[in-house]
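Structural description and commentary
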Amino acid sequence: MTDRVARIQAEWARERPDVDVSPQAVIGRLHRLAAVLTEQLTVVYRRHGLGEGEFDVLAALRRAGPPYERAPGELAQHTMVTTGAITKRIDRLERDGLVTRRSEGSDGRRRVVALTAAGLRVIDRAFTEHMANERRLLDLVDPEDALVLERILAEWLRHFEGPTS
């Protein structure tokens, strides 16, 4: 069984037999799979009027529990969105009426971002559909293989992110 990655490896092995191309068997397939999975996941986000970053911000606020709010810096720590991108995402979500920003504390310098009632409805619907979509995608893999893959990926990712507290 040959796929694009195997064909690319074979071409490189022919053209550059002096270079070990075996890492492409895993890295190349992970890279291609990540692109396919991202497209499959973002379809759900778009149905709810969200981009990947906006979904991530709303999800982080929802996971905070009532009153569903976090400071912008906390959002950066609890999402896959960079701190530089948080403000842009919050601006869009606020414009769409899904979050509000307010000052907190005696000096008013601390800002807090909170889900609105509309934001809570959107993220709850989007998250439910998102998890059904992830289940559909993962069901393409044998359940035992999925458990092994989860362990391998978690161990590999720890080398880059370290353990979480």
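Comments concerning the nonpolar core
- Counting 25 residues, the largest nonpolar core has Leu50, Leu58, Leu75 and Val99 as its most contacted members.
- Contributions of two or more residues to this core are made by α2 (24-47), α3 (52-63), α4 (72-77), α5 (83-95), β3 (110-115) and α6 (117-138).
- With 6 residues, the single largest contributor to this core is α3.
- Dropping the residues within four chain positions of it, Leu58 is found in contact with Leu50, Leu93, Leu98, Val99, Leu115, Val122 and Ile123.

Digging into the packing of α3 against α5
- Orientation of α3 relative to α5, taken along the N-to-C sense of each, is 85°, at an axis distance of 10 Å. In terms of axis orientation, α3 runs roughly perpendicular to α5. In this structure, α3 contributes Gly53, Glu54, Val57 and Leu58 to the contact, and α5 contributes Ile86, Arg89, Arg92 and Leu93.

Thoughts on unusual backbone geometry
- Of note, the amide linkage connecting Pro66 to Pro67 takes the cis form, showing an omega dihedral of 10°.
- Residue position: Pro67 is located in the loop between α3 and β1 (69-70).
- Of note, the phi angle at Tyr68 is positive, near 55°, even though the residue is not glycine.
- Residue placement: Tyr68 occurs in the loop between α3 and β1.

Topic: the confidence of the model for the protein chain
- Model confidence for the protein chain is summarised by a mean pLDDT of 93, while 96% of its residues fall at 70 or above.
- Here α4 stands out as the element of the protein chain with the lowest mean pLDDT, 87, in contrast to α6, whose mean of 98 is the highest.

Regarding the side chain of Arg70
- Topologically, Arg70 is positioned in strand β1.
- Of the side chains with opposite charge, Glu74 lies nearest to the buried Arg70, which makes no salt bridge, at 4.7 Å.
- In this structure the side chain of Arg70 is engaged in a polar contact, spanning 2.8 Å, whose partner is the backbone oxygen of Ala60.
- The contact partners of Arg70, leaving out residues within four places of it in the chain, are Ala60, Leu61, Arg63, Ala64, Leu75, His78, Val112 and Val113.

Describing the pairing of β3
- Taken together, the 2 bridges between β1 and β3 define a ladder with antiparallel strand orientation. In the strand pairing of β3, Arg70 is matched with Val113.
- Alignment of strand β2 (residues 99-104) against β3, held across 6 bridges, turns out to be antiparallel. Its bridge partner being in β3, Thr100 is matched across the sheet by Ala114.

A word on α3
- Taking 1.5 Å as the rise per residue, α3 with 12 residues should run 16 Å; its terminal C-alpha atoms sit 16 Å apart, in good agreement.
- Along α3, the positions that sit buried rather than exposed are Gly53, Glu54, Phe55, Asp56, Val57, Leu58, Ala59, Ala60 and Leu61.
- Looking one or two residues past α3, Gly65 carries a phi angle of roughly 80°, positive in sign.

Topic: the sheet that holds β2
- Pairing within the open sheet is antiparallel, and its 3 strands lie in the order β1-β3-β2. Sheet topology places β1 and β2 at the edges, where each strand pairs with a single neighbour.
- Relative to β2, α5 is tilted by about 115°, and along the sheet it contacts β2 and β3.

About the criteria used
Residues numbered from 1 in each chain as written. Predicted model: local features only at pLDDT ≥ 70, side-chain atom pairs only at ≥ 80, totals over all residues. Heavy atoms only, no water. Core = buried A, V, L, I, M, F, W, Y, C linked by side-chain atoms within 4.5 Å. Buried < 20%, exposed > 50% of the residue type's maximum accessible area, 1.4 Å probe, protein only. Helix = DSSP H or I, 4+ residues; strand = E, 2+ residues; numbered from the N terminus. Contact = heavy atoms within 4.5 Å. Axes fitted to C-alpha atoms, helices over the stretch in contact; angles between N-to-C directions. Parallel < 35°, antiparallel > 145°, perpendicular 65-115°, else oblique. pLDDT = per-residue confidence, 0-100. Lys, Arg positive; Asp, Glu negative; His and termini not counted. Salt bridge = Lys/Arg side-chain N within 4 Å of Asp/Glu carboxyl O. Polar contact = N/O pair within 3.5 Å; in protein donor to acceptor, adjacent residues only side chain to side chain. Pairing = 2+ DSSP bridges. Expected span 1.5 Å × (residues − 1).

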